Amino acid sequence: MPPVAACDVAVIGAGAAGLAAARHLRREGHSVVVFERESQIGGIWVYTNNTEPEPLGVDPTRPVVHSSLYASLRTNLPREAMGFREYPFAANKAVQRDPRRFPGHREVLEYLKDYASEFGISELVRFETEVSRVWRRGSGKWEVRSRKKNGNEEHVDEAFDAVVVCNGHYSEPRIAHIPGVDRWPGKQIHSHNYRVPEPFQNKIVVLIGSSASAVDISREIASVANEVHIASWSNSNEECAALPGYDNVWLRPMIESANEDGTISFPHGVKISADIILHCTGYKYYFPFLETEGIVTVDDNRVGPLYKHVFPPSLAPWLSFVGLPWKVAPFPQFELQCEWIAGILSGQILLPSEKEMMKDVEAFYDSMHASGIPKRYTHNMSGYQFEYNDWIATQCGTPKTEEWRRKMYHATSLNRAARPESYREEWEDEDLVLQAYQDFSKQMSCKQVS
Ligand SMILES: Cc1cc2nc3c(=O)[nH]c(=O)nc-3n(C[C@H](O)[C@H](O)[C@H](O)COP(=O)(O)OP(=O)(O)OC[C@H]3O[C@@H](n4cnc5c(N)ncnc54)[C@H](O)[C@@H]3O)c2cc1C
């Protein structure tokens, strides 16, 4: 069916989410401009040796380095489950490509470039163009103010029917609160500014966190540091266990305080001297350009109110957010969210009324509250991403999640927990890999399958 309406849409960001948005909006017949402040597509997957001058990344006026990748980073999802549904992330055996199941970061960037080229997306992107302000005019249109980076030109204001926000949420560090840390004489850094282990040579490091990055970075640092103490709420309060396989890594409960004499205090009167605190404590949602007259807020890392994590009910469908959920396989979810947004903007798919959407959002918040789940976990989709994806797929009339992808995601989570050091090399879901490649080979659009 031809689209009912074609809109002028601004997409902010040309990372994986922005690319998927551009692809699906254009497929639906909309006119798309993608604003990207960097000089290439790929977002977080554009690795750089550069770090920010302020290693904790808390000063809002600091020059921002977008990418948070470290040099050795390999994916924490297998490529088959990680890739877009309509453009498989199949192993590419061409020279200079990384065919591993859990490839290094460069391979992901190459894949995103392939995706952009397959669907002719780069021509829609205005590179080195930063969006500084997005606001609604009286007419209901959205005004987008942008400026060429490093150029002498003034900013430009342009009107769009709709804005899709795809600016990523792994660049604005969240810091652990540590009593006394202001007077502690050591050095602090957030993993956003971690690239290589060498600066940790011969140091005593307290690393806070338990995420996939915390696991990778603690092991990497242990190869050069004197001691690594991993402090986390998820480590038992009683325990101070040595990490199996290491003689210089300890698992500790959360820090009690940092002290003026350079020590760090843990429960039960334990104190250690330390040189560096490394915060692997995640990131904050941040939309410095967005003005919605208080309609959309970020409160304790809840972006809301948003219907199904995408649409603010009173501004729907003219403002939308792609990629807010975490603890998910992001790329396939981006695709579905973007297909949904594109179909709603063209009038092919209907949203409930504003009142009904608001009721749904409130019911969701109430259920979180009743279960004692903190606000900051609003977009944590652990345990229900596939149910959510399938709900959107049904709205779009598109196939639900492939059974192999769902099973592979779960198998990888279990394998990662059981073998944090070696899950990228040893697995037991070979049958699912075979099923995935059978599926890929059916997709005519996939030129990579060897
Ligand atoms: C350390 C780390 C490891 C990860 N590992 C994996 C993994 O193994 N597998 C996986 O699937 N996912 C992983 N992820 C998640 C990853 O973030 C997603 O896969 C995905 O790439 C995010 O895409 P995005 O488009 O939402 O954001 P980004 O990739 O961050 O892209 C946002 C883009 O918006 C641009 N932008 C921002 N503000 C503006 C502005 N004002 N004006 C113009 N442009 C702007 C930025 O320059 C950037 O290009 C990891 C994340 C991190 C931090």
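Everything quoted here is computed from the prediction, not taken from an experiment.

### A short note on the domain arrangement of the chain
No. 1: The domain architecture assigned to the chain consists of domain 1 (8-172 + 283-440) and domain 2 (181-279).
No. 2: Taking only C-alpha atoms, the centre of domain 1 and the centre of domain 2 are 31 Å apart.
No. 3: A breakdown of the residues in the side of domain 1 that touches domain 2 according to their chemical character gives five nonpolar, seven polar and two charged.

### Here's the deal with the site of the ligand
No. 1: Around the ligand, the structure places 33 residues, and the nearest of them are Gly-13, Gly-15, Ala-17, Gly-43 and Gly-168.
No. 2: If you list the elements that add at least two residues to the shell around the ligand, you get α1 (16-27), β4 (129-136) and α5 (330-346).
No. 3: Counting residues per element, the shell around the ligand draws most heavily on α1, which supplies three residues.
No. 4: Residues belonging to the shell around the ligand are distributed by class as follows: 17 nonpolar, twelve polar and four charged.

### Looking at the packing of α1 against α5
No. 1: Orientation of α1 relative to α5, taken along the N-to-C sense of each, is 35°, at an axis distance of 8 Å. The way α1 lies across α5 gives a crossing that is right-handed. Across from Ala-16, Ala-17, Ala-20, Ala-21, His-24, Leu-25 and Arg-27 in α1, the residues of α5 making contact are Pro-330, Phe-331, Phe-334, Glu-335, Cys-338, Glu-339 and Ala-342.
No. 2: Among the residues making up the contact of α1 with α5, the classes are represented as ten nonpolar, one polar and three charged.

### A word on the sheet that holds strand β6 (residues 156-160)
No. 1: Sheet architecture is open: three strands sit in the order β4-β5-β6, paired in antiparallel fashion. Looking along the sheet, the strands with just one partner apiece sit at the ends: β4 and β6. Across the sheet, the mean angle separating the axes of adjacent strands is 25° when strand polarity is ignored.
No. 2: When strand β5 (residues 142-148) meets β6, the two strands line up antiparallel, connected through five bridges. Bridged to Glu-143 within β6 is Ala-159.

### Thoughts on the environment of Cys-166
No. 1: If you trace the backbone, Cys-166 turns up in the loop between β7 (162-165) and β8 (187-190).
No. 2: Residue contacts for Cys-166: discarding those within four places in its chain leaves Val-11, Ile-12, Gly-13, Gly-15, Ala-17, Gly-18, Ala-21, Val-322 and Gly-323.

### Regarding the nonpolar core
No. 1: Counting residues in each nonpolar core, the largest one holds 75 residues, and the members touching the most others are Val-9, Val-11, Leu-19, Ala-21, Leu-112, Val-163 and Val-164.
No. 2: In terms of residue count, α5 provides more of this core than any other element does, nine residues in total.
No. 3: Ignoring anything within four residues of it in the chain, the contact list for Val-164 reads Val-9, Val-11, Ala-21, Ser-320, Val-322 and Ile-341.

### Quick notes on the sheet that holds β7
As a general point, the strands of a sheet are linked pairwise by backbone hydrogen bonds and lie either parallel or antiparallel.
No. 1: Judged by pairing direction, the sheet is parallel, and its five strands sit side by side in the order β3-β2-β1-β7-β19 without closing on themselves. This sheet does not close on itself; its edge strands, each paired only once, are β3 (125-126) and β19 (319-321).

### A short note on the pairing of strand β9 (residues 204-208)
No. 1: Counting buried positions along β9 yields four of five residues, so the element is predominantly enclosed.
No. 2: In terms of strand pairing, β9 meets strand β10 (residues 227-231) through five bridges, oriented parallel. Note on β10: the bridge partner recorded for Val-206 is His-229.
No. 3: What joins β9 to β10 is helix α4 (residues 212-222), and the crossover it makes is right-handed.

### Some words on the pairing of strand β12 (residues 249-252)
No. 1: Two strands pair when backbone bridges link them, and β10 and β12 are joined in this way by four bridges, in the parallel orientation. Bridge pairing links Val-228 to Val-249 in β12.
No. 2: Looking at chain direction, strand β11 (residues 241-242) and β12 are connected through two bridges and run antiparallel. Counterpart to Ala-242 in the pairing with β12 is Trp-250.
No. 3: Following β11, the chain reverses through six residues before pairing antiparallel with β12; Gly-245 in that reversal takes a positive phi of roughly 90°.

### Description of unusual backbone geometry
Phi is mostly negative for residues that are not glycine, and the peptide bonds are mostly trans.
No. 1: Residue Pro-305 follows Gly-304 across a cis peptide bond; omega there is 0°.
No. 2: Along the polypeptide, Pro-305 turns up in the loop between β18 (302-304) and β19.
No. 3: Here the amide bond leading from Ala-316 into Pro-317 is cis, since omega sits at -5°, within 30 degrees of zero.
No. 4: Locating Pro-317 in the fold gives a position in the loop between β18 and β19.
No. 5: Positive phi values are uncommon outside glycine, yet Asn-202 reaches one of about 60°.
No. 6: Inspection of the secondary structure puts Asn-202 in the loop between β8 and β9.
No. 7: The class for Asn-202 is exposed, based on 9 C-beta atoms found within 10 Å.
No. 8: Unusually for a residue other than glycine, Asp-300 sits at a positive phi of about 50°.
No. 9: Here Asp-300 lies in the loop between β17 (297-299) and β18.

Rules used throughout
Residues numbered from 1 in each chain as written. Predicted model: local features only at pLDDT ≥ 70, side-chain atom pairs only at ≥ 80, totals over all residues. Domains from an automatic or database assignment. Nonpolar A, V, L, I, M, F, W, Y, C, P; charged D, E, K, R; others polar. Near = placed C-beta within 6 Å. Helix = DSSP H or I, 4+ residues; strand = E, 2+ residues; numbered from the N terminus. Axes fitted to C-alpha atoms, helices over the stretch in contact; angles between N-to-C directions. Left-handed = near helix turned anticlockwise from the far one by under 90°. Contact = placed C-beta atoms within 7 Å. Pairing = 2+ DSSP bridges. Core = buried A, V, L, I, M, F, W, Y, C linked by C-beta atoms within 7 Å. Buried ≥ 20, exposed ≤ 12 C-beta atoms within 10 Å, placed from the backbone. Right-handed = clockwise from strand over helix to strand, strands pointing away.

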